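Next come the chains, spelled out residue by residue.
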Amino acid sequence: MSSEQNPAPDTAGAPASAGPRPRRLTYAAALTALEGVALVIGGVWILVLGLTGAPDDRRQAVTGGITLLLLALLPLLAARGLLLRRGWSRGPAVITQLMALPVAYNLLQADSMAIPGGIALAVVAVAALVLLVSPATTRALGIKGPGRAE
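Given the structure is predicted, the values throughout are model-derived calculations rather than measurements. (Residues numbered from 1 in each chain as written. Predicted model: local features only at pLDDT ≥ 70, side-chain atom pairs only at ≥ 80, totals over all residues. Heavy atoms only, no water.)

Draft legend 1. Main features of the nonpolar core. Within the largest apolar cluster, 15 residues are counted, with the highest numbers of intra-cluster contacts made by Leu-25, Leu-31, Leu-82, Ala-93 and Leu-132. Here this core takes five residues from helix H5 (residues 114-132), the largest share from any one element. Beyond its immediate stretch of four places on either side in the chain, Leu-25 contacts Leu-82, Arg-85, Thr-137, Ala-140 and Leu-141. (Core = buried A, V, L, I, M, F, W, Y, C linked by side-chain atoms within 4.5 Å. Buried < 20%, exposed > 50% of the residue type's maximum accessible area, 1.4 Å probe, protein only. Helix = DSSP H or I, 4+ residues; strand = E, 2+ residues; numbered from the N terminus. Contact = heavy atoms within 4.5 Å.)

Draft legend 2. Spotlight on the environment of Arg-86. Relative to the helices and strands, Arg-86 resides in the loop between helix H3 (73-83) and helix H4 (90-109). Separated by 54 residues in the primary sequence, Arg-86 and Ala-140 place their C-alpha atoms 8.9 Å from one another. In terms of polar contacts, Arg-86 uses its side chain to reach the backbone carbonyl oxygen of Leu-84, at 2.8 Å. (Polar contact = N/O pair within 3.5 Å; in protein donor to acceptor, adjacent residues only side chain to side chain.)

Draft legend 3. Molecular detail of the layout of surface pockets. Here the largest pocket defines a volume of roughly 450 Å³. Around the largest pocket, the lining is made up of 16 residues, and of these Glu-35, Ala-38, Leu-39, Ala-100 and Leu-121 lie nearest the centre. Of the residues belonging to the lining of the largest pocket, the class tally is 13 nonpolar, two polar and one charged. (1 Å grid on protein atoms, 1.4 Å probe; cavity = no way out; pocket = protein on both sides within 12 Å on 5 of 7 lines; lining within 4 Å. Points joined across faces, edges and corners; volume = space filled by probe spheres on them. Nonpolar A, V, L, I, M, F, W, Y, C, P; charged D, E, K, R; others polar.)

Draft legend 4. Representation of the confidence of the model for the chain in the model. Predicted confidence across the chain gives a mean pLDDT of 86, with 85% of residues reaching 70 or more. In this model residues 6-16 is a low-confidence stretch, pLDDT under 50, and it forms 10 contacts with partners more than four residues away in sequence or in other chains. (pLDDT = per-residue confidence, 0-100.)

Draft legend 5. Quick peek at a nonpolar patch on the surface. A grouping of Ile-66, Leu-70, Leu-73, Leu-77 and Trp-88 is seen on the molecular surface, where their side chains present a nonpolar patch of about 530 Å² in accessible area. Put simply, the parts of the chain that give the nonpolar patch at least two residues each are helix H2 (58-71) and H3. Secondary-structure assignment places Leu-73 in helix H3. Look at Leu-73 and you get partly exposed, because its relative accessible area is 45%. (Patch = residues over 30% accessible without salt bridge, like charges linked within 9 Å, V, L, I, M, F, W, Y side chains within 5 Å. Areas by Shrake-Rupley, 256 points an atom, 1.4 Å probe, with all protein chains shown as cover. Salt bridge = Lys/Arg side-chain N within 4 Å of Asp/Glu carboxyl O.)

Draft legend 6. Local environment of the packing of helix H1 (residues 23-52) against H5. The geometry of H1 relative to H5 is characterised by a closest axis approach of 9 Å and an angle of 145° between their N-to-C directions. In this structure, the crossing between H1 and H5 has a hand that is left-handed. Taken together, the residues of H5 that come into contact with H1 (itself represented by Arg-24, Tyr-27, Ala-28, Leu-31 and Glu-35) are Leu-121, Val-124, Ala-125, Ala-127, Ala-128, Leu-131 and Leu-132. When grouped by side-chain class, the residues that make up the contact of H1 with H5 number 10 nonpolar, no polar and two charged. (Axes fitted to C-alpha atoms, helices over the stretch in contact; angles between N-to-C directions. Left-handed = near helix turned anticlockwise from the far one by under 90°.)

Draft legend 7. Unusual backbone geometry, seen in detail. Unusually for a residue other than glycine, Arg-85 sits at a positive phi of about 60°. Position of Arg-85 among the secondary structure elements: in the loop between H3 and H4.

Draft legend 8. The packing of H4 against H5, seen in detail. The contact between H4 and H5 brings their axes to 8 Å, and the two run at 155°. Between H4 and H5, the interaxial angle falls into the category roughly antiparallel. As H4 packs across H5, the resulting crossing turns out to be left-handed. Its residues assigned to classes, the contact of H4 with H5 shows 20 nonpolar, three polar and one charged. (Parallel < 35°, antiparallel > 145°, perpendicular 65-115°, else oblique.)

Okay, here's the thing in structure tokens:
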């Protein structure tokens, strides 16, 4: 076949730029995936306790567990997109971090063992936000700022 007969490769799913993935992007993906995995673990924990234990309201426990499992999809898909260098993935990853900050604040207000969890969640969310908005991450994802469209 000649080069005129060969179809052009599909570049829609290709990485935004060539070269190795920046470490900041990899770290942001790892932190986002960590939050997703924590949501999955929490969802399974609540679901199992709701089904096998003696919760005050079994329906509420099951609904809470399923909700956490569904919420885990956002950071897990965003982390996968970040690893694959998809520009769309930064938005869901940033949203995940912004949703984590009020949760961390509430955990810090508790008078219990939740305080260390709140500290850890706040540190992870802020670190991930810094990594997600860094210029290296923005370039690697092919995101152009206002006035820079070419």
